[in-house]
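# Geometric and topological summary
Read off the chains here:
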Amino acid sequence: MKFSYFHLMPWTDLTEAPTQWPASNSTFNAPRAKELYDSYIDTMVFAEQCGFDWVGCNEHHYSPYGLMANCNLIGSVLTQRTKDIKLAMLGNLIPLLNPVRVAEEYAMLDVMSGGRLVAGMIRGVPHEYIAYNINADESRARLREAVTLIIKAWTETEPFGWEGEFFEYPSISIWPRPFQIPHPPILMSASNEESAEFAGEFRAMMGLTLIADLNVARRSIEIYKRVTAAQGFEPPPSHILCGYNTCILDDDAEARHYLAEGQRYFHRILMASLRDAQRLVITKSRYFGQEKIGETFVKRLVALKERTIDEQIEAGSVFCGSPENVIKQIKRVHGALGNGMFNLNYKIGNIPDPIVRRGMELFRDRVLPAVADL
Amino acid sequence: MFTTEHAELTTGPITYRKGGNGRPILHIHGTGGPNPSPVLDQLAQRHTVYHPVAPGWDETPRHPSVRSVRDLADVYADFIRTVIGGPCDVIGVSFGGWVALWLAVRHPDLVEQLVLEAPAGMRDPGTGGLPKDPAELRRQTYARPERAPPPARTQDVYWVNRNLRDELGGGITLDEDLLASLPRITARTLVLFGLKDEISPHDKAGMRMRKGIPHVHLTYIYDAAHALEFDQPERVGNLIAAFFERGEGFLVRSSQAA
């Protein structure tokens, strides 16, 4: 079993929820943000010492939800402050971006890290399409063309032009090309049937986040395996990454308390303005090709928000408690899903960084030794 | 817009379609025979487009002296001198791309700029090629079958054309002599491949031409298979028009582009 340490880099100091999307940045404080970046990056570097296989981050826009408009900038810092841990950009929101720029930046990260990049090719949550004014109806078609182009840019050894539906380039020849041959491993979201099929089509690793129901998650994994099998490709368990909000402390009650407080801030403050924008995109565009998938997406967010910590543990949605109980929870989910990798997010909402670090130490000393051989 | 005309070349008679007005373009068809396409119509708005029927194709008389791809290239050279009257831009499609490459190698003075659409003669043995099954052939030819033209000839005529192609091609998939001769091409060249092309796979063939031809651009057409002019007529037409009209300047995006 492998583990990834994931960070959203949330803004922790809001006292009131934004009333609409995008969130006003009037209360933003740059010196405080500098403190947060320093602390967050230190924690991500610390993940290597705690036995994590990957350290990951992602991209969000116009929101205190996450302070990484471009996670590659954080990845660049990590190339210099870590030695062996894989750097998982989970990832760049490909349909919103210039795919050649993504190919170039990812190649830089791969070379600077000596071949440690895991390249997330993510479609992005719905509201990001408003932020960058990209037609949400085209999200999947743009993703397909852009990923195809990025792989070409990484692997071609002579200049080439590109004439596509969304992208046109008269001549491409990126410097550097990636360190890993033929190219860095690719990870795609697979939180619903549509996206699981898409990840399988590209033989990418699949990532599942915000698991509300283990049966639904298992169904996505089955679809992914079916699609890859039809293509003659049998992904190993390490190709299946499941994301979990995690709080490990010495005492169960203490862990529940901090996770509940962090989730309260997350749902009531950080997610407040995003929900309206997400609903707007889902109802006013064809972001989800199938209507029922859009409904499932909204229901899942609501379900996760309304459950108690105990209910979330029971549903297999979070890992929370003492090391001994978290070991049991990890084994249970692994038994249900058969995945080979977990992506653990410790910084939920405004959980204090010392609590996060204590959880990482407990993971290193008492959890990992018991689950590494799963 | 296009008219059908006839001419007498040194080696025999030839039939061709001609349309438009302006700087001349010679279009060399592929294995199946000439297929009028939206791209030809677009080019004919600013150029004189010559679209000959290769001797022996579509029930036209064979030229007894034509026994190889090189011989056929010499026929087109004769066509340029006799009918067009001087050097011109050339488009070669599939098998016609193979012919056009030899034309550019053997008669560099007659080819000003060269466009190759999914050219043959450059792929590894055992890769690509034309399937015999009609349904499979259609699947591999068109990524967008809804844009395919209606059949321009009967199956019997198609197979006469195809057998003639096989005879002239001599069963070769990778023309080593041509590969060694690519550095002799002086024409600025644009090579186009569809990313879904299974008949002329782009990977090695594209790299061979990219490395061998001195002044060359290689462009991939997304969501296109072998029949580029039908799968993506707008993209291909605009690209070829820009290349022919602006030369190296086709690389520059500009509102001042002609």
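Basis of the calculations
- Counting starts from 1 at the beginning of each chain's written sequence and moves along it residue by residue.
- Lettering for chains starts from A, numbering for ligands starts from 1, and both go in the order in which the items are written.
- It should be noted that, the model being predicted, local features are given only for residues of pLDDT at least 70 and side-chain atom pairs only at 80 or more, the latter also being counted only at that level, while totals for whole chains, interfaces and linings use all residues.
- To qualify as a helix, a DSSP run of H or I must reach at least 4 residues; to qualify as a strand, a run of E must reach at least 2; elements of each kind are numbered from the N terminus.
- Just to be clear, the radius of gyration here is over C-alpha atoms, and the globule rule we use is 2.2 Å times residues to the power 0.38.
- Exposure classification rests on a simple neighbour count of other C-beta atoms within 10 Å of a residue's own: a residue reaching 20 or more is buried, one at 12 or fewer is exposed, and one in between is partly exposed. C-beta atoms are placed from the backbone.
- Each residue is represented by a C-beta atom placed from its backbone, and any two residues with such atoms within 7 Å are regarded as in contact.
- Whether two strands pair depends on DSSP finding at least two bridges between them.
- Fitted lines through C-alpha atoms give the axes, limited to the stretch in contact for helices. The angle between two N-to-C directions lies from 0 to 180 degrees.
- Under this grouping Gly is polar, as are all residues other than the nonpolar Ala, Val, Leu, Ile, Met, Phe, Trp, Tyr, Cys and Pro and the charged Asp, Glu, Lys and Arg.
- Put simply, a nonpolar core is a cluster of buried Ala, Val, Leu, Ile, Met, Phe, Trp, Tyr and Cys residues tied together by C-beta atoms within 7 Å.
- When an angle is under 35 degrees it counts as roughly parallel; over 145 it counts as roughly antiparallel; between 65 and 115 it counts as roughly perpendicular; any other value is oblique.
- Should the near helix be turned anticlockwise from the far one by less than a right angle, the crossing is termed left-handed; should it be turned clockwise, right-handed.
- What a helix should span is 1.5 Å times the count of its residues minus one.
- For a residue, the bend is simply the angle between two axes, fitted respectively to the seven-residue segment ending there and the seven-residue segment starting there.

## Side note on the overall build of chain A
- In terms of helices and strands, chain A carries 13 helices and eleven strands.
- A compact globule built from 374 residues would reach a C-alpha radius of gyration of about 21 Å, and chain A, at 20 Å, matches this within 12%.
- With respect to the three principal axes, the spread of C-alpha positions in chain A is 60 × 45 × 45 Å.
- Sorting the 374 residues of chain A into buried and exposed places 48% on the buried side.
- At a minimum sequence separation of 6, the contacts of chain A that also span at least 24 residues come to 76%.

## Thoughts on the sheet that holds strand S5 (residues 160–163) of chain A
- Read from one edge of the open sheet, ten strands run S6(A)-S5(A)-S8(B)-S7(B)-S6(B)-S5(B)-S3(B)-S4(B)-S2(B)-S1(B), paired in mixed fashion. What marks the edges here is a single partner per strand, and that holds for strand S6 (168–172) of chain A together with strand S1 (2–9) of chain B. Across the sheet, the mean angle from the axis of one strand to that of its neighbour is 20°, orientation sign disregarded.
- Sheet topology note: the S5(A)/S6(A) ladder contains three bridges and is antiparallel. Bridged to A:Phe160 within S6(A) is A:Ile172.
- Helix H3 (residues 95–106) of chain B contacts strand S3 (23–28), strand S5 (88–93) and strand S6 (111–117) of chain B of the sheet and is inclined by roughly 145° relative to S5(B).
- Strand contacts of helix H9 (residues 233–246) of chain B: S5 of chain A together with S3, S5, S6, strand S7 (188–194) and strand S8 (216–221) of chain B, with the helix running at about 160° to S6(B), the strand carrying the most contacts.

## Re the interface of chain A and chain B
- Taken together, the contact between chain A and chain B spans twelve residues of the former and 15 residues of the latter.
- Those elements that provide at least two residues to the side of chain A that touches chain B are helix H5 (139–155), S5 and S6 of chain A.
- Residues belonging to the side of chain A that touches chain B are distributed by class as follows: three nonpolar, four polar and five charged.
- In terms of strand pairing, S5(A) meets S8(B) through three bridges, oriented parallel. The partner of A:Glu163 across the bridge, within S8(B), is B:Ile221.

## What about the environment of A:Phe266?
All names here are of chain A.
- Following the sequence through the fold, Phe266 ends up in helix H8 (residues 252–270).
- Remark: the alpha-carbon pair of Phe266 and Phe179, spanning 87 residues in sequence, is separated by 37 Å.
- Apart from the residues lying within four places of it in its own chain, the contact partners of Phe266 are Met271, Ile348 and Gly349.

## Here's the deal with the nonpolar core
- Counting residues in each nonpolar core, the largest one holds 177 residues, and the members touching the most others are A:Val55, A:Met206, A:Cys242, B:Tyr76, B:Val99, B:Leu103 and B:Leu192.
- The element contributing the most residues to this core is H3(B), with nine residues.
- Those residues in contact with A:Cys242 that lie beyond four places of it in its chain are A:Leu208, A:Ile211, A:Ala217, A:Val333, A:Leu337, A:Asn339, A:Phe342 and A:Asn343.

## Regarding the packing of helix H2 (residues 71–81) of chain A against helix H3 (residues 99–112) of chain A
Residue and element names in this part refer to chain A.
- Close contact between H2 and H3 brings their axes to 9 Å; oriented N to C, the two are set at 15°. Relative to H3, the element H2 lies roughly parallel. H3 is crossed by H2, and the crossing has left-handed handedness. Of the residues in H3, those in contact with Asn72, Gly75, Ser76 and Thr79 of H2 are Glu105, Leu109 and Met112.
- Residues of the contact of H2 with H3, tallied by class, amount to two nonpolar, four polar and one charged.

## Things to note about H8(A)
- The first and last C-alpha atoms of H8(A) sit 26 Å apart over 19 residues, in line with the 27 Å expected at 1.5 Å per residue.
- What H8(A) keeps buried is the set A:Ala255, A:Tyr258, A:Leu259, A:Gly262, A:Gln263, A:Phe266, A:Ile269 and A:Leu270.

## A word on helix H13 (residues 353–371) of chain A
All names here are of chain A.
- The sharpest bend along H13 reaches about 45° and sits at Phe363.
- All buried positions along H13 are accounted for by Ile355, Val356, Gly359, Met360, Phe363 and Val367.
- Of the surrounding secondary structure, the elements contacted by the buried residues of H13 are helix H1 (30–49), strand S9 (240–248), H8 and helix H12 (323–337).

Just distances and angles here, no functional claims.
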